[in-house]
Amino acid sequence: MKKDALLLGGLLFLGVCVLAFAIFAGFFLSDSPVPREELPRSEDLSPPSHLEDSDDSPITKDPKDLDGPLVTGDPSVSWPIYISTMTHLEGDWTDAATEKVFFDNQAARVRYGLDIAEDYGALLTIESEIPMAQGMVAFDDNFFAEVLERGHGVGTHCDIDPGITYSDTAIVEEFAARKKLIDDLVGENQNLGCSGGGGYSDWYVGATGAGFSYLNGIVGFHYLALPENERPQGWNDQAILREWYHYPAPQNETYFYPFLISKLGFVEDIHGDLLVSDGSLGNPSTLAEMGTWSLDGSADCGSAKCPLTEEDTETLELFIRDFSADFDGSRPAKITLYLPTSIFTSANENALRFLFARLEVLAREGLVTWETQRGVYDGVMEYYDTLQK
């Protein structure tokens, strides 16, 4: 009887250990390694009801209506449509700085993505917030240096709290704290840009004060710092924070055409010192559900419900071909795909290869030119140089 009790107790203890290990492994090794409470992503949102089927909507719904800014270059010179990516190593991945299993998992995903992209001549850009940058030092794995050596791009991701109104000095410090960590990994000259950074604070002052030359990943949060007469109709603070925070910005004809600014806002200044460089179509895994892309469009699903499929890539290809058909080459244009690390798994290999293979076809046809975010900046600055001559 005593032996049976001991045996039963041992089995119960073993069961508890197995369960604990399963929870641990699921947390660190799952495709969604960071459980977190957050605002829904842009692909989880449907357009607000007041803009559905409205003839007087202030937001362009047809990509063919997106004419470039008024300033154009020499008509004898034809500029490209750049195709680029951005992958964010997030700010709330706090375990990345101290938990090697977590860090290694994310680093492996990045390397996996690079391996597949390189088979098709694609260029990825990886942008990091504080935790993964700290992990690269803590675990002696500066894979950002490897990313550059392999011909891809790196940058900073600025997950700065959009709800705080920082002083000009404080917002510069927020941008600079993130920039320094990446500078230390790859050097200042390789870290010119930041994705994100929008909110109530003056993100132009913050970015330029910290030494950044371009911003990408620009979304509705960036309108919070602008007066309402410089926002789309109906985009008051409450509406942005409730619905529009991750929607594309700027919400006008400049979206796919990077342009310089010299102060807070979305007004081009050919003598400016910060490049607004957006053009993101978001996560391509939602494109089939959307049918196409538009400034006020979104799929009513997250990436878990909308896995990357061949239909997504076919929708993307149709969009690019349509955009290219209306593109006059008078200034550089840019299309960006957001590829989270969660997409770089073996389960997605076939879909990823189909995506990069079709983009390789478009590049060979001369419709798009692959570049990193930094490469886009360099190309657009060449365009601005011609305007000064």
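Residues numbered from 1 in each chain as written. Predicted model: local features only at pLDDT ≥ 70, side-chain atom pairs only at ≥ 80, totals over all residues. Heavy atoms only, no water.

**Q** Where do I start with the overall build of the chain in this structure?
**A** Scanning the chain from N- to C-terminus turns up 11 helices and 9 strands. Residues classed as buried in the chain amount to 52% of the 389 residues present. Look at the contacts in the chain between residues 6 or more apart in sequence, and 76% of them connect residues 24 or more apart. Approximately 17100 Å² of the chain is accessible, and the part contributed by carbon and sulfur atoms is 53%. (Helix = DSSP H or I, 4+ residues; strand = E, 2+ residues; numbered from the N terminus. Buried < 20%, exposed > 50% of the residue type's maximum accessible area, 1.4 Å probe, protein only. Contact = heavy atoms within 4.5 Å. Areas by Shrake-Rupley, 256 points an atom, 1.4 Å probe, with all protein chains shown as cover.)

**Q** What should I look at first to understand the state of the cysteines in this one?
**A** Defined simply, a disulfide is a covalent bond joining two cysteines at their sulfur atoms. Applying the stated criterion to the full structure yields 1 disulfide. The partner cysteine of Cys 158 in its disulfide is Cys 194, sulfur to sulfur 2.1 Å. Residue Cys 158 is located in strand E3 (residues 153–158), and its partner Cys 194 is located in strand E4 (residues 193–196); the two are separated by 36 residues in the primary sequence. The class for Cys 194 is buried, based on a relative accessible area of 0%. (Disulfide = S-S within 2.5 Å.)

**Q** Help me out: how do you make sense of the pattern of salt bridges in this one?
**A** Pairs may arise between side chains of opposite charge once their charged atoms sit close together. Scanning the entire structure with this criterion turns up 20 salt bridges. Where Asp 119 meets Arg 353, a salt bridge forms, and the shortest distance between an N and an O atom there is 2.9 Å. On the criterion of sequence distance, the pair formed by Asp 119 in the loop between helix H2 (100–118) and strand E2 (125–128) and Arg 353 in helix H10 (residues 349–364) is long-range, its members being 234 residues apart. Three or more residues are tied together by salt bridges with common partners; here these are Arg 111, Asp 115, Glu 118, Asp 141, Glu 146 and Arg 150. (Salt bridge = Lys/Arg side-chain N within 4 Å of Asp/Glu carboxyl O.)

**Q** Explanation requested: the nonpolar core in the structure shown.
**A** A general tendency of soluble globular proteins is for nonpolar side chains to be buried together. Formed by 56 residues in total, the largest nonpolar core has its most connected members in Phe 143 and Phe 356. Setting aside residues up to four positions removed in sequence, Phe 356 forms contacts with Ile 116, Ala 117, Tyr 120, Ala 122, Leu 124, Leu 339 and Trp 370. Of all hydrophobic cores here, the second largest spans 43 residues; its members include Ile 171, Trp 203, Tyr 204 and Leu 226. (Core = buried A, V, L, I, M, F, W, Y, C linked by side-chain atoms within 4.5 Å.)

**Q** Where do I start with unusual backbone geometry in this structure?
**A** Among all residues except glycine, the phi angle is most often negative; among peptide bonds, the trans geometry is most common. Cis peptide bonds are those with omega within 30 degrees of zero, and the linkage from Ala 249 to Pro 250 qualifies with 0°. Along the chain, the position of Pro 250 falls in the loop between helix H7 (237–244) and strand E6 (259–261). A positive phi angle, near 50°, is found at Asp 140, a position not held by glycine. Residue position: Asp 140 is located in the loop between helix H3 (130–138) and helix H4 (143–149).

**Q** Explanation requested: a negative patch on the surface in the structure shown.
**A** There is a patch of like negative charges on the surface, built from Glu 289, Glu 310, Glu 311 and Glu 314. Broken down by element, the residue count for the negative patch peaks at 3 residues, all from helix H9 (residues 310–326). With respect to the helices and strands, Glu 310 occurs in helix H9. (Patch = residues over 30% accessible without salt bridge, like charges linked within 9 Å, V, L, I, M, F, W, Y side chains within 5 Å. Lys, Arg positive; Asp, Glu negative; His and termini not counted. Charge placed at Lys NZ, Arg CZ, Asp CG, Glu CD.)

**Q** Whenever I open this one, the packing of H9 against H10 confuses me. Can you help?
**A** The axes of two packed helices give the description: the angle between them and the distance between them. Where H9 contacts H10, the two axes come as close as 9 Å, and the packing angle between them is 20°. On the basis of their axis angle, the class for H9 and H10 is roughly parallel. For the element pair H9 and H10, the recorded crossing hand is right-handed. Here Glu 310, Thr 313, Glu 314, Leu 316, Glu 317, Ile 320 and Arg 321 of H9 lie close against H10, whose contacting residues are Phe 354, Leu 355, Arg 358, Leu 359, Val 361 and Leu 362. Residues that form the contact of H9 with H10 fall into these classes: 7 nonpolar, 1 polar and 5 charged. (Axes fitted to C-alpha atoms, helices over the stretch in contact; angles between N-to-C directions. Parallel < 35°, antiparallel > 145°, perpendicular 65-115°, else oblique. Left-handed = near helix turned anticlockwise from the far one by under 90°. Nonpolar A, V, L, I, M, F, W, Y, C, P; charged D, E, K, R; others polar.)

**Q** Help me understand the confidence of the model for the chain in this model?
**A** Atomic detail in the predicted coordinates should be set aside for any region of low pLDDT. Within the chain, residue pLDDT values average 84, and 80% of them lie at 70 or more. Counting interchain partners and residues more than four positions distant, the pLDDT-below-50 stretch residues 1–8 has 0 contacts. (pLDDT = per-residue confidence, 0-100.)

**Q** Looking at this structure, how should I read the packing of aromatic side chains?
**A** Here the structure, examined in full by the defined rule, presents 25 aromatic pairs. On the basis of an interplanar angle of 75° and a centroid distance of 5.2 Å, the ring pair of Phe 256 and Trp 293 is categorised as edge-to-face. Taken as a pair, Phe 256 in the loop between H7 and E6 and Trp 293 in the loop between helix H8 (287–290) and H9 lie far apart in primary sequence, 37 residues in all. For Phe 256, a relative accessible area of 0% translates into the label buried. (Phe/Tyr/Trp six-rings, centres within 6.5 Å; stacked < 30°, edge-to-face > 60°.)

**Q** What exactly am I supposed to notice about H10 here?
**A** The periodicity of an α-helix, 3.6 residues per turn, causes residues three or four places apart in sequence to face the same way. Along its 16 residues, H10 runs 22 Å from first to last C-alpha, staying within 8% of the 22 Å computed at 1.5 Å per residue. The complete set of buried residues in H10 reads Ala 351, Leu 352, Leu 355, Phe 356, Leu 359, Glu 360 and Leu 362. For H10, the secondary structure elements touched by its buried residues are H2, H9, strand E8 (333–338) and strand E9 (369–370). A positive backbone phi angle near 85° is found at Gly 366, which sits one or two residues after H10. (Expected span 1.5 Å × (residues − 1).)

**Q** Hey, could you run me through the pairing of E3 in this one?
**A** Consecutive residues of a regular strand have side chains that alternate between opposite faces of the sheet. Most of E3 is tucked away, with 6 of its 6 residues classed as buried. Here E2 pairs with E3 via 4 bridges, running parallel. The residue bridging Ser 128 from the neighbouring strand is Thr 156, located in E3. Sheet analysis places E3 next to E4, joined by 3 bridges and oriented parallel. From the neighbouring strand, His 157 faces E4, where its bridge partner is Ser 195. On the question of chirality, the crossover connecting E3 to the parallel E4 by way of helix H5 (residues 168–186) is right-handed. (Pairing = 2+ DSSP bridges. Right-handed = clockwise from strand over helix to strand, strands pointing away.)

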